Amino acid sequence: DATNVITPLACAITRLGYDHMLELGSTLAEIAGEKAGIIKPVVPVVSAPQLPEALEVLQEVCLERGAQLLVVGEEGGPRAEISKHEPQRMTLSIRGLDRAYHGVECPLVGRHQAENAALAVGLVELAARQGLSLPAEAVKQGIASVRWPGRFQIVRLRPTVVLDGAHDEAAAEALAETLRVYFPNRRIFLVLSVGRDKDAAAIADFIAEGLRAGS
């Protein structure tokens, strides 16, 4: 597929969940094994935090292929802290692999998007170690210019209407957590539409349980 046409300078893997199970497998380990197909010999990898079952597979593949593995939030990996929340953006402090970025404006919100920003910074810095260098200000501007419709997109404030493309359990958990942070103690009405290949009941349960966890 497109991810395997070339040998890259570095690879990145976002959080893995139960998605595209007909193609990727029925367990997190099987899904991680398929996703690990992008890992190339000796090419460094930066990963978002993973559940142990998935992380173990990534670690094994990286070990087999002599690829360095760095995980967001763990020792040696990049990390991001949210210093300010606003309705439609957040401000981050990101510690990359080789330098720090302060006052980073991110139009996407939620802890999971802070992790994604740190993941992107880690990928950029791994590429820089291979000669593709970007100024720190360009990295900050890149994050600030992100536009991703349907990712906790607030399309109306009175009443508040949020659009989100959460389509598996991990995304549903992230949605619930972000709703708790931005709209605490608010009554929420959920309109859910999913394809036949998705587990609608599980997604609804994860959102409901996530919201109850903050009450």
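Above this text sits the structure in question.
Notes on the structure in this doc start here. Since this is a predicted model, take the numbers as computed values, not measurements.

Rules used throughout
Residues numbered from 1 in each chain as written. Predicted model: local features only at pLDDT ≥ 70, side-chain atom pairs only at ≥ 80, totals over all residues. Heavy atoms only, no water. Helix = DSSP H or I, 4+ residues; strand = E, 2+ residues; numbered from the N terminus. Rg over C-alpha atoms; globule rule 2.2 N^0.38 Å. Contact = heavy atoms within 4.5 Å. Areas by Shrake-Rupley, 256 points an atom, 1.4 Å probe, with all protein chains shown as cover. Lys, Arg positive; Asp, Glu negative; His and termini not counted. Charge placed at Lys NZ, Arg CZ, Asp CG, Glu CD. 1 Å grid on protein atoms, 1.4 Å probe; cavity = no way out; pocket = protein on both sides within 12 Å on 5 of 7 lines; lining within 4 Å. Points joined across faces, edges and corners; volume = space filled by probe spheres on them. Nonpolar A, V, L, I, M, F, W, Y, C, P; charged D, E, K, R; others polar. Expected span 1.5 Å × (residues − 1). Buried < 20%, exposed > 50% of the residue type's maximum accessible area, 1.4 Å probe, protein only. Arc of directions from axis to C-beta. Core = buried A, V, L, I, M, F, W, Y, C linked by side-chain atoms within 4.5 Å.

To continue, consider the overall build of the protein. When you go through the protein residue by residue, the secondary structure sums to 7 helices and 8 strands. What you see for the protein is a C-alpha radius of gyration of 18 Å, in line with the 17 Å of a compact globule of 215 residues. Dimensions of the protein, computed from C-alpha atoms along their principal axes, come out at roughly 50 × 40 × 30 Å. Sequence separation of at least 24 residues holds for 58% of the intrachain contacts in the protein that already meet a minimum separation of 6. On the protein, roughly 12,300 Å² of surface is accessible, and the fraction owed to carbon and sulfur atoms is 54%. Averaging the positions of the 22 positive and the 27 negative side-chain charges in the protein gives two centres separated by 10 Å.

One number sums up the size of the second largest pocket: a volume of about 680 Å³. Val162, Ile188, Phe189, Leu190 and Val191 are the residues nearest the centre of the second largest pocket, which is lined by 26 residues in total. When its residues are assigned to classes, the lining of the second largest pocket shows 17 nonpolar, 5 polar and 4 charged.

This part is about helix H3 (residues 52-65). If you check H3, its first and last C-alpha atoms are 20 Å apart, about what 14 residues at 1.5 Å a residue would give, namely 20 Å. Every buried residue of H3 is accounted for by Ala54, Leu55, Val57, Leu58, Val61 and Cys62. The arc that holds every buried residue of H3, seen down its axis, measures 160°, which confines them to one face. In H3, the exposed positions that point more than 90 degrees away from the buried face belong to Pro52, Leu63 and Glu64. Packing partners of the buried residues in H3 comprise strand E1 (11-13), helix H2 (28-35), strand E2 (45-47) and strand E3 (69-71). Residue Gly66 follows H3 closely and has a positive phi angle near 65°.

Next up on the list: the nonpolar core. Leu92, Ile94, Ile143 and Phe152 are the most contacted members of the largest nonpolar core, which has 23 residues in total. Mapped onto this core, the elements with two or more residues apiece are strand E5 (89-95), strand E6 (100-106), helix H4 (111-129), helix H5 (136-144), helix H6 (169-182) and helix H7 (200-213). Tallying contributions element by element places H6 first for this core, with 4 residues. Listed in part, the 16 residues of the second largest apolar core include Ile38, Ala54, Val57 and Val61.

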